Structures are given as structure tokens and as C-alpha cells.
Amino acid sequence: MKECWVTEPLHFEMRETEIPEPKDNEVQIKMMAAGVCGSDIHIYKGENPNSRYPLIPGHENVGLVTKVGADCKNIKVGDHVVIDYVIRCGECYQCKHGRGNVCEHVLVRGSGTNGGWREYWCVEEPYVYKIDDSIPWKDAALIEPLTIGEHSTSRAGVCDDVVFILGTGTIGTIIAQACKLKGAKTVICCDISDSSLERSKQFGADYTVNSKTQDIVAEVQKITNGHGCTVAFDSACFPGSLTMIMQPGIVCNAGRVVPMGFCTVPEKITQQMINGREL
């Protein structure tokens with residue numbers, strides 16, 4: 001079988017190896033589709049601070065079960081499955097308090113350890129989830145990005161909120177959809193791309209703001225009748241993006257802010273920007 005390895009920044013190679021056999025607690029999966037996430041591009045460029053080389057990328061993975069280990073009881077040969085990319089210990093404080101995604105010993109497939117850009121993959125059964133056979137493979141690869149929309153909106157406690165989303169790429173658009181499904185009253189999407197903003201309207205955006213041509217604070221104040229937003233998401237994640245959404249006039253007093261990125265450039269955020277409004 002073939003595997004795709006990033007051996008160092010800006011260099012990848014295809015390797016041939018034997019098809020792995022599953023251990024007793026593992027299932028063997030024939031990979032049918034995998035997304036290319038923005039973080040995969042950063043891994044290739046050497047810009048992901050959480051990655052080590054050499055590495056098989058890929059965390060948006062779906063496939064067909066071809067073999068199961070002797071101890072596997074829930075997953076069967078022929079099942080269509082998606083793979084959980086967060087490996088957790090189950091024993092630490094974080095795991096025992098429902099925060100296994102930031103387990104003390106967390107490993108992320110495709111970033112901290114090898115992922116799914118290969119033809120066959122053996123994964124422990126508890127990390128494999130059956131999906132409906134009717135979902136096309138290319139659509140099923142979007143299940144992992146959908147979980148980010150679910151997780152980030154849960155962190156924000158989204159309900160009958162007025163939401164501001166900076167960045168309407170795949171993740172920002174999914175967050176907009178999740179906010180509407182959870183009852184958000186108003187969703188404002190902001191980007192520099194008119195085509196991305198137009199797409200966001202199909203997924204729940206009530207208003208759009210182009211930050212290249214419009215004043216964000218002025219537009220938010222106008223849309224919210226001077227109240228500001230109760231929740232803001234930074235899904236643009238460029239240097240200065242978090243500072244941008246923390247400006248007075250965007251998020252109201254007692255609002256919630258959820259940053260999504262791993263940008264390592266320092267932001268110009270002060271304690272007053274947070275504590276003056278108890279964000």
C-alpha cells in the first residue's frame with residue numbers, strides 16, 4: 001500500500017509498505033476519503049507548532065472496515081466509519097471531567113502522531129464510529145470539521161445569541177450553521193471575500209460584513225442597535241485577528257469569545273479589553 005509522508009517542511013514523499021494487520025483491539029480500515037485541512041497545509045509548510053516530522057498527515061478520514069481484531073464487538077467488516085483523531089488516556093483530570101480533547105497526554109492523529117493519508121490504517125475500536133452507508137465518501141470526510149462547529153459552539157454556550165464570526169472559510173461557515181441550529185437569533189459573518197460571504201448566507205448568516213471595505217465596529221453597532229454581539233468566534237486566525245474581534249463595540253458586556261487558531265504571533269490584548277466588559 002501507499003502512504004504520504006511529510007518528511008520535513010516543504011517536502012513530502014510517497015512510500016510503499018505492507019498492509020498492516022489489526023491487533024486484537026483494532027479494526028483495519030481501507031481509507032476512502034480524507035479532507036485536506038488548513039492545518040495540513042501549515043504542517044507541510046512547517047508552520048504548525050504542534051507537529052513533528054516525519055509525519056503522515058490527515059485527520060479528516062473516513063473509510064471501509066476490511067478486518068476486525070478478536071476483541072472488537074461494535075464495529076463489523078463492511079461498516080462505513082469515521083475515525084476520532086484525538087487520542088486520550090481516560091485517566092487524567094481533563095478526561096474525567098469531559099475534556100478529553102485536551103487530555104494531559106493527548107495525541108492528535110495527523111499532527112502529533114501519524115494520521116490517515118494512507119491506503120489502509122489500523123485504529124483502536126473505541127476511536128472508530130459507524131456512519132450511515134448512504135453518505136457519500138467525499139461528504140463523510142466533512143464529519144470532522146462539523147465536530148469543530150459543535151465543539152466551539154458548545155464552548156460558547158450558544159443559544160438565543162447574537163453571534164459574530166470572523167472568517168467564513170469552511171470552519172467559519174460550519175460555525176454559522178451550528179449557531180443557527182442551536183437557536184442563535186442573529187448571525188453576522190465577516191470576511192474579505194465576497195464569494196465566501198455569499199456562501200455563508202446559505203448556511204445561516206443573517207448579515208455579512210466585508211472588513212476590507214467596511215468598518216466592522218460601525219456595522220456591528222448598526223446591526224445590533226448599539227448593543228454589540230453576545231458571542232464572537234475568531235475562525236480567521238491571522239496575526240491580529242483576536243485583537244480585532246475584542247474591539248469595544250463588537251462584543252457586549254459579559255460576552256463570550258472563542259478563538260480557534262494556533263497563531264503564535266503575540267496579540268495586542270490588554271486586561272482592560274477583557275475585564276472592562278467581563279468577557
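Residues numbered from 1 in each chain as written. Predicted model: local features only at pLDDT ≥ 70, side-chain atom pairs only at ≥ 80, totals over all residues. Heavy atoms only, no water.

Time to look at the state of the cysteines. This structure, assessed with the given rule, holds zero disulfides. Looking at C72, it has no disulfide partner, and the nearest cysteine sulfur is the one in C122, 9.9 Å off. Judged by its relative accessible area of 11%, C72 is buried. Here C252 stays unpaired: no disulfide links it, and the sulfur of C229, its closest cysteine neighbor, is 7.7 Å away. Classification of C252 as buried rests on a relative accessible area of 16%. (Disulfide = S-S within 2.5 Å. Buried < 20%, exposed > 50% of the residue type's maximum accessible area, 1.4 Å probe, protein only.)

Inspection of the sheet shows strand β1 (residues 2–8) paired to strand β2 (residues 11–16) by six bridges, in the antiparallel sense. Bridged to W5 within β2 is E13. With antiparallel pairing between neighbouring strands as the criterion, β1 and β2 make up a hairpin whose turn holds two residues, including L10 at a positive phi of roughly 70°. (Pairing = 2+ DSSP bridges. Helix = DSSP H or I, 4+ residues; strand = E, 2+ residues; numbered from the N terminus.)

The subject of this paragraph is the side chain of R109. With respect to the element layout, R109 can be found in the loop between β7 (107–108) and β8 (120–124). With sequence-adjacent residues up to four places away left out, R109 is seen in contact with G58, H59, I83, D84, Y85, I87, N114, G115, W121, V123, E124 and Y127. (Contact = heavy atoms within 4.5 Å.)

Here we take up the sheet that holds strand β13 (residues 229–234). Read across the sheet, five strands follow the order β12-β11-β10-β13-β14 without closing on themselves; strand pairing throughout is parallel. Two strands close off the open sheet at either side, each with one partner strand: β12 (207–210) and β14 (251–259). Here the average twist between neighbouring strands, direction ignored, is 20°. Two strands pair when backbone bridges link them, and strand β10 (residues 162–166) and β13 are joined in this way by four bridges, in the parallel orientation. Counterpart to I165 in the pairing with β13 is F233. Of the strands in this sheet, β10, β11 (186–191) and β13 touch helix α5 (residues 170–181), which is tilted by about 175° from β11. Packed onto the sheet, helix α6 (residues 194–202) meets β11 and β12 and runs at close to 170° relative to β12. (Axes fitted to C-alpha atoms, helices over the stretch in contact; angles between N-to-C directions.)

A separate point is the pattern of salt bridges. In this structure the tally under the stated criterion is 12 salt bridges. The closest approach of N and O atoms between K2 and E16, which form a salt bridge, is 3.5 Å. Of the two residues, K2 sits in strand β1 while E16 sits in strand β2, which places them 14 residues apart along the sequence. Overall, the relative accessible area of 40% leaves K2 in the partly exposed class. Overall, the relative accessible area of 65% leaves E16 in the exposed class. In this structure, R256 and D161 form a salt bridge, with 3.0 Å as the shortest nitrogen-oxygen distance. Residue R256 is located in strand β14, and its partner D161 is located in the loop between α4 (143–156) and β10; the two are separated by 95 residues in the primary sequence. On the basis of relative accessible area, R256 is assigned to the partly exposed category, the value being 28%. Relative accessible area serves as the criterion here: at 4%, D161 is assigned to the buried category. (Salt bridge = Lys/Arg side-chain N within 4 Å of Asp/Glu carboxyl O.)

Glancing now at α5. With 12 residues, α5 extends 17 Å between its outermost C-alpha atoms, agreeing within 8% with the 16 Å of an ideal straight helix rising 1.5 Å per residue. Looking only at α5, the buried set comprises G172, T173, I174, I175, A176, A178 and C179. G183 sits one or two positions beyond α5 and adopts a positive phi of about 95°. (Expected span 1.5 Å × (residues − 1).)

Glancing now at the sheet that holds β8. Spatially, the five strands line up as an open sheet ordered β8-β3-β4-β5-β9, and their pairing is antiparallel. Each edge of the sheet is formed by a strand with only one pairing partner; in this case those strands are β8 and β9 (128–130). Averaged over all pairs of adjacent strands, the angle between strand axes in this sheet comes to 45°, irrespective of strand direction. Sheet topology places strand β4 (residues 61–68) next to strand β5 (residues 80–83); three bridges connect them, and they run antiparallel. In the sheet register, L64 faces β5, and the bridge partner there is H80.

A word on the nonpolar core. Residues F164, I188, C190, I216, C229 and I245 are the most contacted members of the largest nonpolar core, which totals 17 residues. Those elements giving two or more residues to this core turn out to be β10, β11, α7 (216–223), β13 and α8 (241–245). Formed by 15 residues, the second largest nonpolar core is a distinct cluster that contains A156, V163, V187 and L197. (Core = buried A, V, L, I, M, F, W, Y, C linked by side-chain atoms within 4.5 Å.)

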